[in-house]
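Structural description and commentary
As a plain string of letters, each chain reads:
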Amino acid sequence: MTFDNVIEGHSWDDITRQIAEKTPEEVREALSPGMMDSGGTDIDRFISLVSPAADEALEEIAQRAQLITEQRFGRIVGLYAPMYLSNSCTNSCLYCSFNASNQIDRETLSVEQAVSEARHLHDEGFRHILLVSGEDLKAVNLNYLKEVVSSLRPLFDSISIEIYPMETDQYRELAQSGVDGLIIYQETYNKDLYAQVHEAGKKTDYRWRIETPERGGAAGFRRIGLGSLLGLDDWRTEAVYLAMHARHLMRKYWRSQVTISFPRLRPAVGGYEPPCPVSDRDLVHMLTALRVFLPDAGILLSTRESKEFRDNMIPLGVTSMSAGSCTQVGGYTGNSATAGQFEIADHRTPEEVAETIKNIGYEPVWKDWDAAFIR
Ligand code: SF4
């Protein structure tokens, strides 16, 4: 049974109503020691944790999140960097600069240019890289990806991809080339809204997209990353679907670590305005509630967020951060004048981010995985 089958039994409006009806008593029950000790993973408990009734318990949820994170992960923060291979895209997502309808210069790195960009990141200390691209099979096909990955393997201990959805066999080939992580955001779990914001291209297929993490799990990726694009719809309802999705994958692909990202919409070419802006407090609530509900999930925070916000979130659940990011193709080596995918908010260098992590009392980790572990 795929996650799309699972959510057939849940309507968006019904979950939104359940969230609104939660009471402070139900929140207290969800936070009770008995529930914590039993590792209660009943989704009804999570609905209580993200409800408006839980707003007043945010301090307590945050303290629980901090305790759980330290118990499970210690005081470490993994560092990674995204690297854009191509901004060419055949989809039309209203919120993205790379939308096929936007008049921007399109560029795809050659394998040699990709190695040069990656070497720059390697020299900055990174050993975990995230390869990003739009969805254009003519620009970024499987053979190209395999060639890039094979060329980068000597430089990086962990290579993740955030590209378009693929078939399981294609993911298997990438895993054999050296990819160990897959990130794929559903953007919104609301099917009606999904249809509105994805106007053209293969990405209009909700089912193809939502079943992608399962194809990644079947292909054996060690990390599978999920996320909702925050600002598109009500964050509380998105959080409930995200929690259900993560729990489904954790049970089905228990060998893989599930990670969750919290991409808040940022200014991009096209000027899309978020219909449901998510405040800092909302984001703290969502992130810490997910940490309490899913103690073993990796939690990622990108440079979409300001340095102040990122620094404050480190103790509350974050396990990995991007640093020194550039969202332009070829941006690290200064060979690009193309538009970035979105504006970043934390402009510190990787070294500055690592220094701050140390000052907060945590350890920045450039490498937390080596394929040799499973050989
Ligand atoms: S979000 Fe991805 S698929 Fe959509 S336009 Fe941007 S790059 Fe293309």
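These remarks concern the structure in this document. (Residues numbered from 1 in each chain as written. Predicted model: local features only at pLDDT ≥ 70, side-chain atom pairs only at ≥ 80, totals over all residues. Heavy atoms only, no water.)

**Quick notes on the pattern of salt bridges**
Heads up, the rule is: For this analysis, a salt bridge means a side-chain nitrogen from Lys or Arg found within 4 Å of a carboxyl oxygen belonging to Asp or Glu. In DSSP terms, a helix is any run of H or I states spanning at least four residues, a strand is any run of E spanning at least two, and both are numbered starting from the N terminus. Buried means the residue's accessible area, taken with a 1.4 Å probe over protein chains only, is under 20% of the maximum for its type, while exposed means over 50%, and partly exposed covers the values in between.
Enumeration over the complete set of coordinates arrives at 25 salt bridges. For E187, the salt bridge identified is with R209, shortest N-O distance 3.6 Å. With E187 in the loop between β4 (181–183) and α10 (191–197) and R209 in helix α11 (residues 206–210), this residue pair connects regions lying 22 residues apart in the sequence. A relative accessible area of 8% means that R209 is categorised as buried. Residues D346 and R348 are paired through a salt bridge, measuring 2.7 Å at the closest nitrogen-oxygen approach. With a relative accessible area of 12%, R348 lands in the buried category. Here the residues in one salt-bridge network are D4, K191, R207 and E211, joined through shared partners.

**Comments concerning the site of the ligand**
The test is simple: Proximity is defined per residue: any heavy atom of the residue falling within 4 Å of a molecule or strand makes that residue near it. Asp, Glu, Lys and Arg are counted as charged, while Ala, Val, Leu, Ile, Met, Phe, Trp, Tyr, Cys and Pro are counted as nonpolar; the rest, among them Gly, fall into the polar class.
C89, N91, C93, Y95, C96, F98, N99, G134, K203 and Q341 make up every residue found near the ligand. Taken together, the residues that form the shell around the ligand break down as 5 nonpolar, 4 polar and 1 charged.

**Some thoughts on the side chain of D180**
For clarity, the threshold we go by: Under this definition, polar contacts are N or O atom pairs within 3.5 Å; protein pairs additionally need one hydrogen-donor-capable and one acceptor-capable atom, and for neighbouring residues in sequence, both atoms have to be side-chain atoms.
Assignment of secondary structure puts D180 in the loop between α9 (168–177) and β4. Within polar-contact distance, the side chain of D180 engages the side chain of S158 at 2.9 Å.

**Quick word on the environment of V269**
The condition that has to hold: Residue contacts are defined here by distance: any two heavy atoms, one from each residue, within 4.5 Å place the two residues in contact.
For V269, the position within the fold is in the loop between β6 (257–261) and α14 (280–293). V269 sits in the partly exposed class, given a relative accessible area of 34%. Between the C-alpha atoms of V269 and Q103, which are 166 residues apart in sequence, the distance is 9.0 Å. Residues contacting V269, with those up to four places away along its chain left out, are C96, S97, N102, I104 and A339.

**Let's talk about the packing of aromatic side chains**
What counts is decided by this rule: Each pair of aromatic rings taken from Phe, Tyr and Trp, with Trp reduced to its six-membered ring, is defined by centres within 6.5 Å and is described as stacked if the planes are under 30 degrees apart, edge-to-face if over 60, and tilted in the remaining cases. Lysine NZ or arginine CZ positioned within 6 Å of the ring centre and within 35 degrees of the ring normal marks a charge as sitting over the ring.
Tallied over the entire structure, the rule returns 8 aromatic pairs. Taking 6.3 Å as the distance between ring centres and 90° as the angle between the ring planes, the aromatic pair formed by F3 and Y189 counts as edge-to-face. Taken together, the residues F3 in helix α1 (residues 3–7) and Y189 in the loop between β4 and α10 connect sequence positions 186 residues apart. Note on accessibility: F3 and Y189 belong to one class, buried. Counting every residue linked through ring pairs, the aromatic cluster contains F3, W12, Y189 and Y241. If you follow R215 out to its NZ or CZ, it ends over the ring of W208, 3.7 Å from the centre.

**Some details on helix α12 (residues 212–219)**
Counting buried residues along α12, 7 of its 8 residues qualify, which places the element largely inside the surrounding structure. For α12, the full list of buried residues reads T212, P213, E214, R215, G216, G217 and A219. Among the structural elements, α1, α9, β4, α11, β5 (223–227) and α13 (235–252) are those in contact with the buried residues of α12. Positive phi appears at G220, one or two residues downstream of α12, with a value of about 95°.

**A look at the nonpolar core**
We apply this condition: Grouping buried Ala, Val, Leu, Ile, Met, Phe, Trp, Tyr and Cys residues that are joined through side-chain atoms within 4.5 Å yields what is termed a nonpolar core.
Ranked by internal contacts, the top residues of the largest apolar core, which has 122 residues, are F46, M83, L131, L152 and F262. For this core, the element with the most residues is α13, which contributes 9 residues. Excluding residues within four positions of it along the chain, L152 makes contact with M83, A114, V115, A118, I129, L131 and I159.

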